[in-house]
4 protein chains.
Amino acid sequence: MPRTVATEVTVRYAETDAQGVVHHSNYLVWFELGRACWLKAHGLRYAEWEADGLLVVVAEARARYRAPALYDQTLRIETELIKARTGYFAFAYRVVSTEEQLLCEGETRHLVTDRRHRAARLPDDVFRKLKAVLPAR
Amino acid sequence: MPRTVATEVTVRYAETDAQGVVHHSNYLVWFELGRACWLKAHGLRYAEWEADGLLVVVAEARARYRAPALYDQTLRIETELIKARTGYFAFAYRVVSTEEQLLCEGETRHLVTDRRHRAARLPDDVFRKLKAVLPAR
Amino acid sequence: MPRTVATEVTVRYAETDAQGVVHHSNYLVWFELGRACWLKAHGLRYAEWEADGLLVVVAEARARYRAPALYDQTLRIETELIKARTGYFAFAYRVVSTEEQLLCEGETRHLVTDRRHRAARLPDDVFRKLKAVLPAR
Amino acid sequence: MPRTVATEVTVRYAETDAQGVVHHSNYLVWFELGRACWLKAHGLRYAEWEADGLLVVVAEARARYRAPALYDQTLRIETELIKARTGYFAFAYRVVSTEEQLLCEGETRHLVTDRRHRAARLPDDVFRKLKAVLPAR
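For clarity, every value in this text was computed on a predicted model and none was experimentally measured.

(A) Examining the overall build of chain A more closely. Scanning chain A for helices and strands turns up 3 helices and 5 strands. Each helix and strand of chain A, placed in order from N terminus to C terminus, yields the pattern β-α-α-β-β-β-β-α. Here the C-alpha radius of gyration of chain A, 16 Å, is about what a compact globule of 137 residues would show, namely 14 Å. Along the three orthogonal principal directions, the C-alpha set of chain A runs to about 45 × 35 × 20 Å. For chain A, with 137 residues in total, the buried portion stands at 58%. Counted over contacts in chain A with a minimum sequence separation of 6, partners at least 24 positions apart contribute 68%.

Listed below in structure tokens is the structure:
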């Protein structure tokens with residue numbers, strides 16, 4: 001299974017700001033799209049996890065902005081799993097233009113919790129799927 | 001109790017778009033702030049209603065945009081209850097600048113539901129509070 | 001050329017709210033996606049209009065919410081041109097689930113302006129394209 | 001002049017997500033509010049900078065999420081200037097509840113540019129104001 005999964009987004013007008021470019025907070029929303037897409041590409045659906053009472057919360061998010069994105073521009077989000085533990089995982093992202101210009105890169109770290117936001121663990125089969133993607137040490 | 005309640009907002013940068021003005025979708029968010037503020041001014045807290053399993057959903061929203069709003073501008077949202085039934089109510093809004101220029105006006109209609117989105121009724125005391133604000137016919 | 005154009009969106013997590021469904025303000029953002037898509041289907045790109053100093057502002061927006069939309073649901077936005085004048089046009093929208101359930105319907109009215117938000121007119125060729133889509137009276 | 005400035009926000013319903021808590025992307029919007037407030041407390045208005053052709057872009061943003069925030073909760077954003085150069089500055093943030101619980105902390109780094117997104121410098125008087133707040137080395 002691929003360690004990096006690509007997702008396409010087209011910039012919405014509502015995502016731009018008065019500087020004429022995408023507001024920086026939207027990259028966190030795109031990272032989230034990238035994660036959902038990565039999970040689907042590996043046969044996992046976050047919507048089902050939540051229905052089963054398993055929440056994934058964002059423990060840390062980081063973004064470095066390299067170049068602005070414009071309205072209606074088509075972008076590719078490259079999402080890569082970089083860490084997986086039973087109750088914790090992390091992804092890295094690169095947002096690039098169709099001309100392969102790097103616009104933004106970042107990382108997010110996640111904790112698995114139950115509905116009351118208490119620490120929990122990924123189901124064994126999910127954890128194994130994530131682990132299988134990462135290089136053996 | 002007042003039928004109209006005023007709420008102040010200052011335009012956030014994230015609320016602007018590439019036209020250099022506030023994106024029109026944000027007025028629905030401000031109307032919602034106005035409603036929450038109206039309810040608080042009448043001793044009601046929507047957060048408590050939800051904790052008690054009573055949801056209010058938006059059945060219809062409408063906005064007419066008169067003039068653009070700019071970053072960092074301070075605006076006043078005037079929220080007025082215009083209809084109240086046991087399972088249904090409606091508000092009207094005016095968003096005005098500090099120079100009393102009308103920027104936007106609109107209305108929202110709401111339905112009361114339980115957690116499964118089935119039709120429900122307002123608690124009697126809440127309904128009476130809303131009803132008391134409206135002119136008798 | 002088709003009078004109605006369909007656009008697909010998948011609900012983002014950031015578009016949901018504490019009721020567990022899509023926040024109603026996001027439908028205005030989806031209507032905007034639908035419009036951009038309608039224009040592209042007719043060989044028109046709003047991004048180019050703005051680059052040429054022609055702005056389209058929202059004069060009125062209206063939405064009637066029929067059923068809630070959920071995270072990760074795939075939706076179809078059906079966008080239809082319903083009116084076209086030289087400095088004014090209007091669209092109607094229907095948001096439907098993959099099971100053809102109607103979730104939301106609405107309309108938006110638009111004014112054409114220059115960069116200083118003064119009334120302007122659509123270029124003749126654009127106006128003719130829009131007009132050609134509408135039924136002759 | 002104070003190196004840390006406090007800003008109050010009340011959580012909006014539109015800022016919550018299907019987990020029943022604030023969506024993590026909104027903290028970047030609140031950090032931005034905190035910055036605007038910090039600048040105003042020091043007699044500086046970002047809206048005027050942009051009118052003068054001076055843009056501030058976000059080069060990096062980082063947030064560590066400690067505890068969830070809920071609808072209607074009142075929060076305090078503590079914003080602190082941590083670095084100032086002629087074309088570059090950085091802020092740190094803490095978001096705390098009224099019970100003084102730390103919900104989120106983060107940092108943003110900023111570059112000063114002209115309207116075409118080319119590197120620029122802060123006006124001398126602005127730079128001196130920022131510099132005066134930081135401890136001498």
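(B) Quick peek at the relation of the copies chain D and chain C. Between chain D and chain C, the superposition needs a rotation of 180° and an axial shift of 0.0 Å, giving an RMSD of 0.0 Å. Both copies are brought into coincidence by an operation consistent with a two-fold rotation axis. Using C-alpha coordinates, one finds that chain D approaches the rotation axis most closely at Asp17(D), a distance of 1.9 Å. A shared interface surface links the copies, since 100% of the contact residues of chain D are contact residues in chain C too.

(C) Just the sheet that holds strand 5 (residues 102-113) of chain B, in detail. What the 10 strands build is an open sheet, ordered 1(B)-3(B)-4(B)-5(B)-2(B)-2(C)-5(C)-4(C)-3(C)-1(C); its pairing is antiparallel. Each edge of the open sheet is held by one strand with a lone partner, namely strand 1 (4-10) of chain B together with strand 1 (4-10) of chain C. Mean inter-strand twist for the sheet, computed between neighbouring axes without regard to direction, equals 25°. Strand direction decides the pairing type here: strand 4 (residues 88-97) of chain C and strand 5 (residues 102-113) of chain C, joined by 9 bridges, are antiparallel. Along strand 5 of chain C, the bridge assignment pairs Val95(C) with Cys104(C). Sheet strands in contact with helix 3 (residues 124-133) of chain B are strand 3 (74-84) and strand 4 (88-97) of chain B, and its direction is about 105° off that of strand 3 of chain B.

(D) Examining the interface of chain D and chain A more closely. With 25 residues of chain D in contact, the opposing surface of chain A contributes 25 residues. Here chain D meets chain A over a buried area of about 2000 Å², counting both sides, of which 50% is carbon and sulfur. For the pair chain D and chain A, the interface holds 2 salt bridges. Here Arg62(A) ties to Glu60(D) by a salt bridge, and the two come within 2.9 Å at their closest N and O atoms. Summed over the shared surface of chain D and chain A, the number is 14 residue pairs in polar contact (both at pLDDT 80 or more). Counting only elements with at least two residues in the side of chain D that touches chain A, the list comes to helix 1 (26-41), helix 2 (46-51) and strand 2 (55-65) of chain D. Per element, the largest residue contribution to the side of chain D that touches chain A is 11 residues, and it comes from strand 2 of chain D.

(E) Representation of the relation of the copies chain D and chain A. You can overlay chain D on chain A at an RMSD of 0.0 Å; the transform is a turn of 180° with a shift of 0.0 Å along its axis. Interface overlap between copies: 100% of the residues of chain D at the interface are likewise at the interface in chain A, consistent with a symmetric, same-surface contact.

(F) Just the pairing of strand 4 (residues 88-97) of chain D, in detail. Residues and elements named next belong to chain D. Burial within strand 4 is extensive, with 9 of its 10 residues counted as buried. Sheet analysis places strand 3 (residues 74-84) next to strand 4, joined by 9 bridges and oriented antiparallel. Bridging from a neighbouring strand, Thr79 pairs with Tyr93 of strand 4. Once strand 3 ends, the chain turns through 3 residues before running back antiparallel as strand 4. What sits between strand 4 and strand 5 (residues 102-113) in their antiparallel hairpin is a turn of 4 residues, with Glu100 showing a positive phi close to 65°.

(G) Up close: the pattern of salt bridges. Following the criterion strictly, the structure yields 52 salt bridges over all chains and no others. Measuring nitrogen to oxygen at the nearest pair gives 2.7 Å for the salt bridge that ties Lys40(A) to Asp72(C). Remark: Asp72(C) occurs in the loop between strand 2 (55-65) and strand 3 (74-84) and Lys40(A) occurs in helix 1 (residues 26-41); the pair is interchain, linking two chains. Between Glu107(A) and Arg64(A) there is a salt bridge, and its shortest N-O distance comes to 2.7 Å. Pair noted here: Glu107(A) is in strand 5 (residues 102-113) and Arg64(A) is in strand 2 (residues 55-65), with a separation of 43 residues, a long-range link.

(H) The arrangement of the interface of chain D and chain C in detail. Taken together, the 8 residues of chain D in the interface contact 8 residues of chain C. Here chain D packs against chain C, burying approximately 730 Å² in sum over the two surfaces, 63% of which is carbon and sulfur. Taken together, the connections running from chain D to chain C amount to 0 salt bridges. In terms of residue class, the side of chain D that touches chain C is built from 3 nonpolar, 4 polar and 1 charged.

(I) Main features of the sheet that holds strand 5 of chain D. Spatial strand order, 1(A)-3(A)-4(A)-5(A)-2(A)-2(D)-5(D)-4(D)-3(D)-1(D): 10 strands in an open sheet with antiparallel pairing. The two strands at the open ends of the sheet, each matched to only one other strand, are strand 1 (4-10) of chain A together with strand 1 (4-10) of chain D. Pairs of neighbouring strands in the sheet enclose a mean axial angle of 25°, with direction left out of account. Bridge count between strand 2 of chain D and strand 5 of chain D: 10 bridges; the pairing is antiparallel. Its bridge partner being in strand 5 of chain D, Arg64(D) is matched across the sheet by Glu105(D). Relative to the sheet, helix 1 of chain D contacts strand 2 of chain A together with strand 1, strand 2, strand 3, strand 4 and strand 5 of chain D, its axis offset from that of strand 1 of chain D by approximately 130°.

(J) Focus on unusual backbone geometry. For His117(B), which is not a glycine, the phi torsion comes out positive at approximately 65°. Summarising the element assignment, His117(B) is placed in the loop between strand 5 and helix 3.

(K) View of helix 1 of chain D. In a regular helix each residue adds 1.5 Å, so 16 residues correspond to 22 Å; helix 1 of chain D covers 23 Å between its end C-alpha atoms and thus fits that length. One or two residues past the end of helix 1 of chain D sits Gly43(D), with phi positive at roughly 75°.

(L) Representation of the packing of aromatic side chains within the structure. Counted by the stated rule, this structure contains 40 aromatic pairs over all chains. Consider the rings of Tyr71(B) and Tyr46(D), whose centres lie 6.3 Å apart with planes at 70°: the pair is edge-to-face. Here the residue Tyr71(B) occupies a position in the loop between strand 2 (55-65) and strand 3, and Tyr46(D) occupies one in helix 2, the pair thus bridging two chains. The class for Tyr71(B) is buried, based on a relative accessible area of 17%. Judged by relative accessible area, which is 11%, Tyr46(D) ranks as buried.

What counts, and where the lines are drawn
- Residues numbered from 1 in each chain as written.
- Chains lettered and ligands numbered in written order.
- Predicted model: local features only at pLDDT ≥ 70, side-chain atom pairs only at ≥ 80, totals over all residues.
- Heavy atoms only, no water.
- Helix = DSSP H or I, 4+ residues; strand = E, 2+ residues; numbered from the N terminus.
- Rg over C-alpha atoms; globule rule 2.2 N^0.38 Å.
- Buried < 20%, exposed > 50% of the residue type's maximum accessible area, 1.4 Å probe, protein only.
- Contact = heavy atoms within 4.5 Å.
- Least-squares fit on C-alpha atoms with pLDDT ≥ 70 in both.
- Pairing = 2+ DSSP bridges.
- Axes fitted to C-alpha atoms, helices over the stretch in contact; angles between N-to-C directions.
- Buried area = accessible area lost by both parts, 1.4 Å probe.
- Salt bridge = Lys/Arg side-chain N within 4 Å of Asp/Glu carboxyl O.
- Polar contact = N/O pair within 3.5 Å; in protein donor to acceptor, adjacent residues only side chain to side chain.
- Nonpolar A, V, L, I, M, F, W, Y, C, P; charged D, E, K, R; others polar.
- Expected span 1.5 Å × (residues − 1).
- Phe/Tyr/Trp six-rings, centres within 6.5 Å; stacked < 30°, edge-to-face > 60°.

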